[in-house]
Amino acid sequence: MTAIASEEPGADTIEAVRAFNRFYTNRIGVLDRAYLDTPYTLTEARVIYELANGGATAASQLTTELSLDPAYVSRMLKRFAGAGMVDIRQDPADGRGRLLSLTESGRAVAADLATRSRASIAALIEPLDAAARHRLTAALSDVTALLAGQDLSSPLRIRPHRVGDMGRVIASQAQSYAESYGWNEEYEALVAEICAKFLRDFDPAREHCWIAEQNGTLVGSIFLVKASETTARLRLLHVAEAARGHGLGTRLVTACIRFAQDAGYRRLELWTNDILAAARRIYQAAGFTLEKEEAHHSFGQDLVGQTWALDLAGWREPLTPPAARAPASGTPEARPV
């Protein structure tokens, strides 16, 4: 059967949601008459869930919240009552209303359904690694908030790295630089090498990784690694496009500098490319000095690499961004920002 193309606004989104509905309802067995290999339909299981989690519930409230036909709910509840699962009594606040609550037998059914549901979802996500599960959780949170008309904004959280983060860092940076600058897989390989070395040689007293998250989604990262006993390197500063313009890059760089000071380093250096203007503004504002720059061909592009350094002795967080500083080595000035 050939689908008919639609010119209505949001047609692509509509078809994407319909396709997902077909996929997901099939995967979780919604179309089966016996939901989760039990005698209950999905609707019946949902009613049992609501009664288990809501305590004594008015029948009218149940039909309204679940958008169900009152006559259908009435027949269902009679069957449940006949099976000894539901207790139905008069609502003292409404002489014509009924209050519903699960009996001990009904609570046992609800517990069994919950166990089966969790096992079913566990089997569904079992092939996913930690990073993929994190992405799934964040995506489901976004879908729920969007369709409920909720504000997606939430506090931004900066935390140390944990298992699974390196894969997310590699993917986010490789995709971002490919889309923004056309960098090829060589850059992805470089990021992967840096992350792998960081994990293999990690010295928590003198090295650190900061992960920035919002709504469970990775929106920024930065690394501090040991170069020598007196020198540290700032590596892989990145802020996702959706999180830019709110000072996150400055916060990450400042955290990195403070850690380097506390760890006893005297010098902090970094290597970047001159086309990364936003990052360069952050380095300049923090007090970094351009020491040298050199043309190179990397990541499928002709680039100009730059080495910046910061004297950590007596460093204070700038109250206002200072003017760009002249390179200490006498090499050409940085290109205009």
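Scroll up to find the structure.
Residues numbered from 1 in each chain as written. Predicted model: local features only at pLDDT ≥ 70, side-chain atom pairs only at ≥ 80, totals over all residues. Heavy atoms only, no water.

Draft legend 1. Up close: the packing of helix α7 (residues 165-181) against helix α8 (residues 185-201). Running from amino to carboxyl end, α7 crosses α8 at an angle of 160°, the nearest separation of the two axes being 9 Å. In this view, α7 runs roughly antiparallel relative to α8, as classed from their interaxial angle. Relative to α8, the crossing made by α7 is right-handed. For the pair formed by α7 and α8, the contact residues are M166, V169, I170, Q173, A174 and Y177 on the first element and Y187, E188, V191, A192, C195, F198 and L199 on the second. When the residues that make up the contact of α7 with α8 are grouped by side-chain class, the tally is eleven nonpolar, one polar and one charged. (Axes fitted to C-alpha atoms, helices over the stretch in contact; angles between N-to-C directions. Helix = DSSP H or I, 4+ residues; strand = E, 2+ residues; numbered from the N terminus. Parallel < 35°, antiparallel > 145°, perpendicular 65-115°, else oblique. Left-handed = near helix turned anticlockwise from the far one by under 90°. Contact = heavy atoms within 4.5 Å. Nonpolar A, V, L, I, M, F, W, Y, C, P; charged D, E, K, R; others polar.)

Draft legend 2. Geometry of the pairing of strand β7 (residues 231-239). Burial analysis of β7 places seven of its nine residues in the buried class, which makes it a mostly covered element. For strand β6 (residues 217-226) and β7, the ladder comprises six bridges, and the chain directions are antiparallel. Paired with V225 across the strands is R233, a residue of β7. Where β6 hands over to β7, the hairpin turn is made up of four residues, counted between the paired strands. Where the polypeptide runs from β7 across helix α9 (residues 248-262) and back to strand β8 (residues 267-273), its parallel neighbour, the crossover connection is right-handed. (Buried < 20%, exposed > 50% of the residue type's maximum accessible area, 1.4 Å probe, protein only. Pairing = 2+ DSSP bridges. Right-handed = clockwise from strand over helix to strand, strands pointing away.)

Draft legend 3. Broad picture of the sheet that holds strand β4 (residues 157-160). Reading across from one edge, β4-β5-β6-β7-β8-β10-β9 is the order of the seven strands in this open sheet, with mixed pairing throughout. Since the sheet does not close on itself, it has two edges, and those belong to β4 and β9 (289-298), each with one partner. The average undirected angle you get between the axes of adjacent strands in this sheet is 20°. Judged from the seven bridges that link them, strand β5 (residues 208-214) and β6 form a sheet pairing that is antiparallel. Bridging across to β6, C209 finds its partner in F223.

Draft legend 4. Quick peek at the side chain of E293. Positionally, E293 belongs in strand β9. The exposure class assigned to E293 is buried, which follows from its relative accessible area of 19%.

Draft legend 5. α9, seen in detail. An ideal rise of 1.5 Å per residue puts 21 Å on 15 residues; α9 measures up with 21 Å between its terminal C-alpha atoms. One or two steps after α9, the chain reaches G264, where phi turns positive at roughly 95°. (Expected span 1.5 Å × (residues − 1).)

Draft legend 6. The arrangement of the packing of helix α2 (residues 42-54) against helix α4 (residues 70-82) in detail. Interhelical geometry of α2 versus α4 gives an angle of 75° and a closest axis separation of 12 Å. Relative to α4, the element α2 is oriented roughly perpendicular. Between α2 and α4, the residues in contact are T43, E44, V47 and I48 and Y72, M76, R79 and F80, respectively. The residue makeup of the contact of α2 with α4, split by class, is five nonpolar, one polar and two charged.

Draft legend 7. Summary view of the nonpolar core. Counting 51 residues, the largest nonpolar core has L224, L234, V253, I257, L268 and F288 as its most contacted members. Among the nonpolar cores identified, the runner-up in size contains 22 residues, and L51, L68, V73 and L77 belong to it. (Core = buried A, V, L, I, M, F, W, Y, C linked by side-chain atoms within 4.5 Å.)

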